Amino acid sequence: PECLGLGGAAGQVLAALAPELAELDIVCRQDYSRATAAVEEDPHLLAQVLTAMIRHAAAYTPKGGAIELSAWSDETFSRLSVAYPEATPSSEPERLFLPFEQRDSTQGLALARRLAQEMGASLGYAHDAGRAVFTLALPLFPHCHRPAGS
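Residues numbered from 1 in each chain as written. Predicted model: local features only at pLDDT ≥ 70, side-chain atom pairs only at ≥ 80, totals over all residues. Heavy atoms only, no water.

J.: Run through the environment of Leu-98, naming residues and quoting values.
T.: By secondary structure assignment, the location of Leu-98 is in the loop between strand S5 (77-85) and helix H3 (104-118). Each C-alpha atom, one on Leu-98 and one on Arg-113, is 9.4 Å from the other, the two residues being 15 residues apart in sequence. (Helix = DSSP H or I, 4+ residues; strand = E, 2+ residues; numbered from the N terminus.)

Encoded structure:
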């Protein structure tokens, strides 16, 4: 595991997915303006989770649409959310995380949730103001965001 910033990790994933997103004419808006503490995670596992979240959003975002990424922290968790337009909330949100339930992109969510759990994190879904919002919550570790010299 390494100490990682969520904004930087998300930026690397977005750079890798740029050709796919450009082909779909999807724009990614990023907001990392709220303070985000570093997390201690395996960078490859974190990238797999973020990739699955973004690909799922892209699969349900209309051509020419936008996906929104944001990150923030509190005393115990750093969170990164991926949001996209959703007219009707999922009636059975837990089914979104079961493999083979909907589209191929849902299989990615099932794997992403399992990887998140292996990292000690959680991956959840909410419907907010006409958007589907998937949020990854990662626990903070004191030595990752301790002031220099302490």
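J.: An account of unusual backbone geometry is needed here, citing residue identities and associated values.
T.: Phi at Asp-25 is positive, roughly 55°, even though this residue is not glycine. Within the element layout of this structure, Asp-25 appears in the loop between helix H1 (6-23) and strand S2 (27-31). In this model, Ala-129 sits at a positive phi of 50°, which is unusual for a non-glycine residue. Examined against the element boundaries, Ala-129 turns out to sit in the loop between strand S6 (122-128) and strand S7 (131-139).

J.: Summarise the packing of aromatic side chains; cite the residues concerned and give the values.
T.: Going through the model one piece at a time under the given rule, you end up with four aromatic pairs. Judged by centre distance (6.2 Å) and plane angle (25°), the rings of Tyr-60 and Tyr-84 are stacked. Of this pair, Tyr-60 sits in helix H2 (residues 43-60) while Tyr-84 sits in strand S5, and the two are 24 residues apart along the sequence. Classification of Tyr-84 as buried rests on a relative accessible area of 5%. Note on Phe-97 and Phe-134: the rings are 5.9 Å apart at their centroids and 75° apart in plane angle, and the pair reads as edge-to-face. One end of the pair, Phe-97, is in the loop between S5 and H3; the other, Phe-134, is in strand S7, and 37 residues separate them in sequence. By relative accessible area, Phe-97 is classed as buried at 7%. Ring pairs connect the aromatic residues Tyr-60, Tyr-84, Phe-97, Tyr-125 and Phe-134, which therefore count as one cluster. It is Arg-113 that lies over the ring of Phe-97; its NZ or CZ is 3.8 Å from the centre. (Phe/Tyr/Trp six-rings, centres within 6.5 Å; stacked < 30°, edge-to-face > 60°. Buried < 20%, exposed > 50% of the residue type's maximum accessible area, 1.4 Å probe, protein only. Lys NZ or Arg CZ within 6 Å of the ring centre and 35° of its normal.)

J.: I'd like a rundown of the pairing of S5, residues and numbers included.
T.: The two faces of the sheet receive side chains in turn, since in a regular strand these alternate between them. The pairing of strand S4 (residues 66-73) with S5 spans six bridges and is antiparallel. Paired with Leu-69 across the two strands is Val-82, which belongs to S5. Connecting the antiparallel pair S4 and S5 is a turn made up of three residues. In terms of strand pairing, S5 meets S7 through nine bridges, oriented antiparallel. Note that in S7 the partner of Ala-83 across the bridge is Val-133. (Pairing = 2+ DSSP bridges.)

J.: I'd like a rundown of the sheet that holds S6, residues and numbers included.
T.: The mixed open sheet is built from five strands, whose spatial order is S2-S4-S5-S7-S6. The open sheet has two edge strands, S2 and S6, and neither has a second partner. Put simply, the sheet's adjacent strands are angled 20° from each other on average, direction ignored. Where S2 lies against S4, five bridges are found, and the strand directions are parallel. Following the sheet pairing, Val-27 is matched in S4 by Ala-66. Contacts from H2 reach S4, S5, S6 and S7 within the one sheet, and its direction differs from that of S5 by about 20°. (Axes fitted to C-alpha atoms, helices over the stretch in contact; angles between N-to-C directions. Contact = heavy atoms within 4.5 Å.)

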